[in-house]
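Observations on chain architecture
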Amino acid sequence: RKQTLTNEERYITEELKEREVRILTAQDDLNELEYDIFVGLRNEVGEYAEEIRNVSRAVAAIDVLCGLAEVAIYQNYVRPTMTDSRELKIVEGRHPVVEKYLPAGFFVPNTAILGSKNVEENNSGITPYPAPDLIILTGPNASGKSCYLRQVGLIQLMAQTGSFIPASSAVLGVSDRIFTRVGAVDDLATGQSTFMVEMNETANILNHATEKSLVLLDEIGRGTATFDGISIAWSVAEYLATEILSRTIFATHYHELNELSSILDNVANYQVTVKELPDKIVFLHQVQPGGADKSYGIEAGRLAGLPDSVIQRARQVMQQIEKHSKIAIGLRKGIKKKEEEEVITVEQLDIFSEEFGDSLL
Ligand SMILES: Nc1ncnc2c1ncn2[C@@H]1O[C@H](COP(=O)(O)OP(=O)(O)OP(=O)(O)O)[C@@H](O)[C@H]1O
Ligand SMILES: [Mg+2]
């Protein structure tokens, strides 16, 4: 007998008791058993850890190489010739991602040639390559400047990781680093405005780039007042072309920067072309020598759906500004030497002058 209650008696046998204990401890036994098996398995695997790691590394490498090989075949990539020089010559290069988003045949391939002086030239006897160190790339909004800039960076990166590349041929000097300054972001959490982020990144590039680096700058200086912006853009470009001698592509809407090429031998102007029809512009996405003189920014605003009255007013304002600003002339005449840069700061007052204000009203 086990227990006596008011209305009942409880009995238990030896066998029932054993069964009760087994039921009550079943979950713990189960866990213990499972853990023992797990530890056994872990020890067994541990003994082969080295082999397993080696095999998985090899499988990962094969996986990456198969991936690169597959994409190389299906996307028509070619093997670049890698050199120790500063030469960068991509013939009919394509942007690997943008190309995939467009219907077949719609992507316009473009050639890029950079790196006029050869670092090794004295040792190896290689003659300098007749190509600029710095390209000033202009062209209307949405013509393809950013795309071109990024495709050059991606192709260099892909080549240095050992991949084939989207081009019809290429000779690429190994870069020590690829620096990029693209896109507009801010970092309010750490107290950095859009322009401060841009300047920090630019400072980092100017402080660390070497003549073996590839530098890609997309619209440096646009995050501040126009004349501050142009001045910064100008001096950054000049510094890269004369002091650092890195290979650089500088995409910009500041057409004034095209003047640099008439002052510095290793700077060239390229533009992404469009065709102007009476009622619209057609994007050709073709990169050609020369500098653009218009951005068609108002046209881009119209296409994006800004109200008609805003567009008309913008055209009026632009006409006035074009009539009154002498900035391009100022740059041509005044900035042959660095010390004379103050010349353009006077210009900014123009916008606020009485004459200018009256003509807008
Ligand atoms: N080579 C090309 N072939 C076909 N389409 C292109 C090519 N390059 C760019 N595009 C198309 O044009 C669009 C705009 O290009 P991108 O952003 O490079 O212009 P952008 O000149 O940098 O303009 P913005 O001055 O406004 O920054 C891309 O999203 C892409 O769809
Ligand atoms: Mg762009």
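Attention in this report is confined to the structure presented alongside it. (Residues numbered from 1 in each chain as written. Chains lettered and ligands numbered in written order. Predicted model: local features only at pLDDT ≥ 70, side-chain atom pairs only at ≥ 80, totals over all residues. Heavy atoms only, no water.)

1. Some words on a negative patch on the surface
- Judged by side-chain charge, Asp28, Asp29, Glu32 and Asp36 come together as a negatively charged surface patch.
- The topology assignment puts Asp29 in helix α1 (residues 14-47).
- A residue is classified by how much of its surface remains accessible, and Asp29, at 45% relative accessible area, is partly exposed. (Patch = residues over 30% accessible without salt bridge, like charges linked within 9 Å, V, L, I, M, F, W, Y side chains within 5 Å. Areas by Shrake-Rupley, 256 points an atom, 1.4 Å probe, with all protein chains shown as cover. Salt bridge = Lys/Arg side-chain N within 4 Å of Asp/Glu carboxyl O. Lys, Arg positive; Asp, Glu negative; His and termini not counted. Charge placed at Lys NZ, Arg CZ, Asp CG, Glu CD. Helix = DSSP H or I, 4+ residues; strand = E, 2+ residues; numbered from the N terminus. Buried < 20%, exposed > 50% of the residue type's maximum accessible area, 1.4 Å probe, protein only.)

2. Here's the deal with the packing of helix α9 (residues 297-304) against helix α10 (residues 308-324)
- The contact between α9 and α10 brings their axes to 10 Å, and the two run at 175°. Classified by the angle their axes make, α9 and α10 are roughly antiparallel. Contact residues: α9 offers Ile298, Glu299, Gly301 and Arg302, while α10 offers Ile311, Ala314, Arg315 and Met318. (Axes fitted to C-alpha atoms, helices over the stretch in contact; angles between N-to-C directions. Parallel < 35°, antiparallel > 145°, perpendicular 65-115°, else oblique. Contact = heavy atoms within 4.5 Å.)

3. Here we look at a nonpolar patch on the surface
- A cluster of nonpolar side chains, Leu41, Val45, Tyr48 and Ile52, forms an exposed patch at the surface whose accessible area comes to about 390 Å².
- Turning to its location among the elements, Val45 is positioned in helix α1.

4. Some thoughts on the packing of α1 against helix α2 (residues 49-74)
- Where α1 contacts α2, the two axes come as close as 4 Å, and the packing angle between them is 70°. Considering their axes alone, α1 and α2 lie roughly perpendicular with respect to each other. Here Val45, Gly46 and Glu47 of α1 lie close against α2, whose contacting residues are Ala49, Glu51 and Ile52.
- Taken together, the residues of the contact of α1 with α2 sort by class into three nonpolar, one polar and two charged. (Nonpolar A, V, L, I, M, F, W, Y, C, P; charged D, E, K, R; others polar.)

5. Considerations on the site of ligand 1
- Around ligand 1, 16 residues are found, and the nearest of them are Ala142, Lys145, Ser146, Cys147 and His253.
- Ser146 places a side-chain nitrogen or oxygen 2.7 Å from an oxygen atom of ligand 1.
- About the coverage of ligand 1: the protein hides 74% of its 640 Å² of free accessible area.
- Sort the elements by how many residues they give to the shell around ligand 1 and helix α5 (residues 145-160) lands first, with three residues.
- Looking at the shell around ligand 1 residue by residue, the classes come out as seven nonpolar, seven polar and two charged. (Near = heavy atom within 4 Å. Polar contact = N/O pair within 3.5 Å; in protein donor to acceptor, adjacent residues only side chain to side chain.)

6. What to know about α9
- Listed as buried for α9 are Ile298, Glu299 and Gly301. Around the axis of α9, the buried residues are gathered within 155° of arc, so they sit on the same side. Turned more than 90 degrees away from the buried face of α9 sit Leu303 and Ala304, all of them exposed.
- Buried residues belonging to α9 abut β12 (281-289) and α10.
- Just past α9, the residue Gly305 takes up positive phi, approximately 100°. (Arc of directions from axis to C-beta.)

7. Regarding the sheet that holds strand β7 (residues 169-173)
- Strand order across the open sheet formed by four strands is β3-β7-β4-β5, with mixed pairing between neighbours. At either end of the open sheet lies a strand with only one pairing partner, and these are β3 (81-83) and β5 (110-114). Within this sheet the neighbouring strands show an average axis-to-axis angle of 15°, counted without direction.
- Pairing geometry for β3 and β7, over three bridges, is parallel. Along β7, the bridge assignment pairs Met82 with Leu172. (Pairing = 2+ DSSP bridges.)

8. Side note on the packing of aromatic side chains
- One pass over the structure, following the stated rule, counts one aromatic pair.
- Between Tyr35 and Phe38, the ring centres sit 6.2 Å apart and the planes meet at 40°, which makes this aromatic pair tilted. Of this pair, Tyr35 and Phe38 both sit in helix α1, three residues apart, which is roughly one turn of that helix. (Phe/Tyr/Trp six-rings, centres within 6.5 Å; stacked < 30°, edge-to-face > 60°.)

9. So, the pattern of salt bridges
- Counted by the stated rule, this structure contains seven salt bridges.
- Glu50 is paired through a salt bridge with Arg53; the nearest N and O atoms lie 3.9 Å apart. With Glu50 and Arg53 both in helix α2, this residue pair falls three residues apart, about one helical turn.
- Arg181 is the salt-bridge partner of Glu201, the closest N and O atoms lying 3.1 Å from each other.

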